[in-house]
Amino acid sequence: MSAERRPSMLGDALAQVGACGLFLLQVLAAVPKSLRHFRETVRQVWFVGAMSLVIIMTCGLFVGMVLGLQLYYVLSIFGGTAALGTVVSLSLYRELGPVVTALLFAGRAGTSITAEIGLMRATDQLAAMEMMAVDPLAYVAAPRFIAGIVAMPLLACVFNALGIFGAHLVGVSWLGLDNGTFWSNMTSSVDVWKDVVNGVWKSVAFGAVVSLIAVFQGYTTPPTSEGVAYATTRTVVFSSIVVLALDFVMTAFLM
Amino acid sequence: MNTPHASAAGAALVEVRGLRTVLNGKTIFDDLELDIPRGKITAIMGPSGTGKTTLLRHVTGQLAPDAGTIRVDGRDVPRLTRSELFDLREKIGFLFQNSALLTDFSVFENVAFPLRQHLRLPEELVRNIVLTKLQAVGLRGAAGLMPSELSGGMARRVALARAIVRDPMLILYDEPFVGLDPIALNQVLKLIRTLNDTLGITSILVAHEFAAVARAADLVYLIAGGKVVARGTPDELTRADSPWTRQFFGGEADGPVPFQYPARDYALDLGFPATAGGAA
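Under an unreviewed UniProt entry, the name given to chain A is Intermembrane phospholipid transport system permease protein MlaE, and the source organism is Dokdonella fugitiva. Here is the UniProt Subcellular location (unreviewed entry) comment for chain A, exactly as written: "Cell inner membrane". Recorded under Function (unreviewed entry), the UniProt text for chain A is reproduced unchanged: "Part of the ABC transporter complex MlaFEDB, which is involved in a phospholipid transport pathway that maintains lipid asymmetry in the outer membrane by retrograde trafficking of phospholipids from the outer membrane to the inner membrane. Probably responsible for the translocation of the substrate across the membrane."

Within chain A, the regular secondary structure consists of nine helices and zero strands. When its helices and strands are written in sequence order, chain A yields α-α-α-α-α-α-α-α-α. By its C-alpha atoms, chain A is 65 × 50 × 30 Å across when sized along the principal axes. Sorting the 255 residues of chain A into buried and exposed places 43% on the buried side.

With that settled, the discussion passes to the overall build of chain B. Check the secondary structure of chain B and you find eleven helices and ten strands. Relative to the 2.2 N^0.38 estimate, which gives 19 Å for 280 residues, the radius of gyration of chain B is 21 Å and therefore close to what a compact globule would have. Its C-alpha atoms give chain B principal-axis dimensions of roughly 75 × 45 × 35 Å. Counting across all 280 residues of chain B, residues that qualify as buried make up 38%. In chain B, of all internal contacts separated by at least 6 residues, the share reaching a separation of at least 24 is 62%.

Strand pairing within a sheet occurs via backbone hydrogen bonds; the two strands may be parallel or antiparallel. Residues and elements named next belong to chain B. Within the open sheet, the six strands sit side by side as β6-β7-β8-β3-β9-β10. Their pairing is mixed. Edge positions in the sheet fall to β6 (92-95) and β10 (227-232), since each has one partner strand and no second. Each neighbouring strand pair of the sheet contributes to a mean axis angle of 15 degrees, computed without reference to strand direction. Strand direction decides the pairing type here: strand β9 (residues 219-224) and β10, joined by five bridges, are antiparallel. Across the sheet, the residue bridging to L222 is A230, located in β10.

All names here are of chain B. The end-to-end C-alpha distance of helix α6 (residues 152-164), which contains 13 residues, comes to 19 Å, matching closely the 18 Å that a straight helix rising 1.5 Å per residue would cover. Extensive coverage of α6 is indicated by the burial of eleven of its 13 residues. When α6 is considered as a whole, its buried residues turn out to be M154, A155, R156, R157, V158, A159, L160, A161, R162, A163 and I164. Buried-residue contacts for α6 involve β6, α4 (107-118), α5 (123-136), β7 (170-174) and α7 (182-199).

This brings us to the interface of chain B and chain A. If you look at the interface, chain B gives 14 residues, while chain A gives ten residues. For the side of chain B that touches chain A, the elements supplying multiple residues, two or more each, are α3 (82-89) and α4 of chain B. Among the elements that make up the side of chain B that touches chain A, the one with the highest residue count is α4(B) (four residues).

The subject of this paragraph is the nonpolar core. Formed by 138 residues in total, the largest nonpolar core has its most connected members in V215(A), L172(B), L205(B) and L222(B). Among the elements that line this core, the one with the most residues is helix α6 (residues 136-174) of chain A, at 19 residues. When sequence neighbours within four positions are dropped, the list of residues in contact with L222(B) reads M45(B), G46(B), V229(B), A230(B), L237(B), W244(B), T245(B) and F248(B).

All names here are of chain A. Two elements in contact, helix α4 (residues 84-122) and helix α7 (residues 179-189), have axes whose closest approach is 7 Å; the angle formed by their N-to-C orientations is 50 degrees. Taken together, the axis directions place α4 and α7 in an arrangement best described as oblique. As for how α4 packs across α7, the hand of that crossing is right-handed. Listed contacts from α7 to L84, G85, T86 and S89 of α4 are F182, W183, N185, M186 and S189. Here the residues of the contact of α4 with α7 are counted per class, giving four nonpolar, five polar and no charged.

Looking now at the UniProt feature "transmembrane region" (unreviewed entry) in chain A. Residue and element names in this part refer to chain A. Following the UniProt record, one finds the feature "transmembrane region" (unreviewed entry) at residues 45-64, 71-93, 145-175, 196-216 and 236-254. Measuring from the first to the last C-alpha atom of residues 145-175 gives 43 Å, for a span that is 97% helix and 0% strand. Taken end to end, residues 196-216 has its terminal C-alpha atoms 30 Å apart, with 100% of it in helix and 0% in strand.

Residues and elements named next belong to chain A. If you trace the backbone, S91 turns up in helix α4. Since 16 C-beta atoms lie within 10 Å of it, S91 is described here as partly exposed. The residues touching S91, leaving out its near neighbours within four places in the chain, are L67 and L96.

Ordered by their spatial adjacency, four strands build an open sheet running β2-β1-β4-β5 (chain B), and the pairing between neighbours is antiparallel. In this open sheet, the two edge strands, each paired with only one partner strand, are β2 (26-37) and β5 (75-76) of chain B.

Low pLDDT means the predicted atomic positions in that stretch should not be read closely. Residues and elements named next belong to chain B. For chain B, the average pLDDT comes to 85, and 92% of its residues sit at 70 or higher. When pLDDT is averaged over each helix and strand of chain B, the minimum, 41, is found for helix α1 (residues 6-9) and the maximum, 93, for α4. For the stretch residues 1-9, pLDDT sits under 50, and the model shows eleven contacts to residues farther than four places along the chain or on other chains. If you check the scores for this complex, the pTM reads 0.85 and the ipTM reads 0.81.

Calculation notes
- Residue positions are given per chain, counting from 1 as you read along its sequence in written order.
- Naming scheme: in the order in which they are written, chains are lettered from A and ligands are numbered from 1.
- Local features in this predicted model are restricted to residues of pLDDT 70 or higher, and side-chain atom pairs are both shown and tallied only at a pLDDT of 80 or more, whereas totals for entire chains, interfaces and linings draw on every residue.
- UniProt positions are given in the numbering used here, feature names are shortened, and annotations may be inferred rather than shown by experiment.
- Strands are runs of DSSP state E lasting at least 2 residues, helices are runs of H or I lasting at least 4, and numbering of each runs from the N terminus.
- Partly exposed residues are those whose C-beta has more than 12 but fewer than 20 other C-beta atoms within 10 Å; 20 or more makes a residue buried and 12 or fewer makes it exposed, with C-beta atoms placed from the backbone.
- We take the radius of gyration over the C-alpha atoms and set the globule estimate at 2.2 Å times the residue count to the 0.38 power.
- Placing a C-beta atom from the backbone of each residue, one calls two residues in contact when those atoms lie within 7 Å.
- The pairing criterion for strands is at least two bridges between them, as found by DSSP.
- In this description, a line fitted to the C-alpha atoms serves as the axis of each element, helices being fitted only across the stretch in contact, and the angle between N-to-C directions of two axes falls anywhere from 0 to 180 degrees.
- Given a helix with a known number of residues, its expected span is that number minus one, times 1.5 Å.
- The nonpolar core is taken to be a set of buried Ala, Val, Leu, Ile, Met, Phe, Trp, Tyr and Cys residues joined by way of C-beta atoms within 7 Å.
- Throughout, the term roughly parallel applies to angles under 35 degrees, roughly antiparallel to angles over 145, roughly perpendicular to angles from 65 to 115, and oblique to all others.
- By definition, turning the near helix anticlockwise from the far helix through less than a right angle yields a left-handed crossing, and turning it clockwise yields a right-handed one.
- For this scheme, ten residues count as nonpolar: Ala, Val, Leu, Ile, Met, Phe, Trp, Tyr, Cys and Pro. Four count as charged, namely Asp, Glu, Lys and Arg, and the remainder, Gly too, count as polar.
- Within a predicted model, pLDDT stands for the predictor's per-residue confidence, ranging from 0 to 100.

Set out below in structure tokens:
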């Protein structure tokens with residue numbers, strides 16, 4: 001046992017990153033071929049996007065309501081509660097919308113992508129496709145990767161909308177803030193390009209990263225029940241870390 | 001077994017020469033040579049773990065060998081590019097040991113899958129082809145079921161229908177008889193024979209059931225220890241007088257194939273002093 005050289009954790013992690021990078025190139029190369037399976041891509045957008053709507057909408061509403069409460073309290077110390085709409089919407093558009101949506105997306109859609117592809121691997125379905133001369137990268141991997149990139153920004157927009165609605169519910173309907181002030185302050189201080197569109201770019205990047213990790217983990221899982229279980233866990237752990245790290249980098253560049 | 005390779009070489013659809021495969025440090029094949037004659041049913045038999053499924057994976061290019069050549073219809077499989085390999089695979093049907101049906105699709109869509117992926121056929125034609133193939137395996141009535149609603153034997157017959165849906169030139173059957181009841185087994189046997197007789201499809205059959213194989217196969221290879229140890233028609237093999245065939249087809253418990261996985265002394269493992277007899 002002692003004679004065996006155990007690979008270090010750092011070496012392991014670097015090897016995974018390298019393998020994931022190569023996998024990304026393979027998936028990108030398979031994207032043109034996957035356009036032949038356009039219906040499959042649409043089905044996947046529905047599966048990872050529409051099926052995630054309930055969790056995204058519920059969480060968006062509650063995040064907005066909590067933001068409304070917390071920020072109302074903080075702003076009231078400075079006598080600036082009129083800025084509630086502005087502060088809530090800016091924090092949602094620029095930060096919370098893309099990031100929280102990506103974390104929820106990893107938990108809801110990422111895990112199901114990994115488990116589905118992992119089980120297809122374990123039950124020889126991917127090998128069967130190979131044998132029928134159908135490239136699983138084009139038929140299975142690429143449509144799910146594209147679906148993640150398409151669905152994430154849309155989900156983030158829904159999350160933002162519900163979040164602002166939640167803050168409005170708390171601030172205006174409950175705590176008695178003026179409705180006109182809430183909206184007019186928001187519209188006058190939020191910039192479409194700098195705030196909204198930059199947030200959308202972030203969610204596109206997060207969608208690509210989360211779906212790449214999910215597809216990669218499923219595609220390369222050992223074909224055992226334990227392997228699929230570990231792969232699903234790794235999808236959530238790696239996605240969360242990478243999303244938050246990438247968020248910092250992107251924020252620094254997009255500021 | 002005495003038949004020289006050369007007699008079949010001209011008609012061989014699959015030629016394996018000097019095949020050497022090492023998986024996880026274990027030598028699976030060591031200089032394996034065999035020919036699969038065109039238009040015949042060839043059975044590959046041998047003890048468990050001898051690499052029969054691995055051989056099928058070599059033939060279809062799913063696994064590259066460490067040395068040697070595998071030619072299918074004149075093409076050297078390990079040297080083909082991915083798209084050339086896919087071209088070749090369009091002419092090969094493969095029946096997986098565990099059926100490998102696509103769980104998201106119904107029985108009908110599973111059988112239609114290869115047609116829809118590669119050909120642009122009118123829906124009516126797809127429907128007729130699929131129903132014909134399902135009728136051949138006795139499951140036309142199950143077309144609307146999902147794979148999760150099928151028994152193991154039914155799933156295998158659906159997989160068989162899918163493997164033959166494009167009338168391939170070569171079909172590889174990996175353990176087609178496991179889990180089939182006697183009625184289905186007879187039907188599948190008859191089907192394999194009919195496909196071969198009427199369409200001239202070459203078949204490679206990996207199976208353990210010698211009684212079933214003897215009824216279908218024209219030629220049997222017995223592989224053990226990484227090499228071909230016997231070759232001939234089922235009749236020749238039952239009559240052959242080699243220790244391999246006696247053990248494998250005669251049902252002798254002891255012979256060249258050890259029943260026990262290599263282990264240290266049995267008595268020692270149980271905590272007693274070692275005996276002179278060793279592991280045996």
